[in-house]
Amino acid sequence: MKYVILVSHGTMAPGLHNALEMLAGEGREDILSTSLENGMSSEVYAENVRKCISKITKEDEILLFADLVGGSPLTTAANVIAEQGLMDQTVMMGGMNLPLALSAVIMKDTMDTVELMAMLPQEARDELKGFQITNTESEDEI
């Protein structure tokens, strides 16, 4: 199985996990998440990551998404994945957002992982759009 694992500072990863279940289906076993909460020690967070990935085997693949490249959630999760001997089947990406994670969940089983990870950043960028809503009614129409 290909697992999408979300890690973050605060509650971003569990919140994103919740949103993904709303959009891609509830009760999915292929989406896992944990987060480094304010005041949590790195040891407690590392243990949470271990619990999060406990059912993943060497036959599975991991798509690990984090809020920030180089942040403690990603580096600690990578260290735990390495200590579990799962690094060879893991790909990582920082700067996650909902469009990126949703595309990963929906497309992960239909694409090669390397191709998917190459496509996802552009997919996420394409969803970033600025816009402004203007009032088109004149004062006479109010």
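Rules used throughout
- Residues numbered from 1 in each chain as written.
- Predicted model: local features only at pLDDT ≥ 70, side-chain atom pairs only at ≥ 80, totals over all residues.
- Heavy atoms only, no water.
- Helix = DSSP H or I, 4+ residues; strand = E, 2+ residues; numbered from the N terminus.
- Contact = heavy atoms within 4.5 Å.
- Salt bridge = Lys/Arg side-chain N within 4 Å of Asp/Glu carboxyl O.
- Buried < 20%, exposed > 50% of the residue type's maximum accessible area, 1.4 Å probe, protein only.
- Expected span 1.5 Å × (residues − 1).
- Bend = angle between axes of the 7 residues up to and from the residue.

**Let's talk about the environment of Ala13**
Topologically, Ala13 is positioned in helix H1 (residues 12-24). The spacing of Ala13 and Met92 is 79 residues in sequence and 15 Å in space, taken between C-alpha atoms. With residues near it in sequence (within four places) discarded, Ala13 still touches Leu6, Val7, Ser8, Ser33, Thr34 and Met96.

**Remarks on the pattern of salt bridges**
Using the criterion set out here, one finds five salt bridges in the structure. Notably, a salt bridge pairs Asp30 with Lys108, separated by 2.9 Å at the nearest N-O pair. Note that Asp30 is positioned in the loop between H1 and strand S2 (31-36) and Lys108 in the loop between helix H4 (98-107) and helix H5 (113-126), a separation of 78 residues in sequence. With a relative accessible area of 8%, Asp30 lands in the buried category. For the salt bridge of Lys108 with Asp109, the shortest nitrogen-to-oxygen distance reads 3.1 Å. Lys108 gets classed as buried once you look at its relative accessible area, which sits at 1%.

**Examining H5**
Taking 1.5 Å of rise per residue, the 14 residues of H5 would be expected to cover 20 Å, and the 20 Å separating its terminal C-alpha atoms lies within 8% of that figure. Its axis deflected by about 30 degrees at Leu120, H5 carries its strongest bend there, up to four residues before the proline Pro121. Residues of H5 that are buried include every one of Thr113, Leu116, Met117, Leu120 and Ala124, and no others. For H5, the elements touching its buried residues are strand S1 (2-9), strand S3 (61-66), strand S4 (90-94) and H4.

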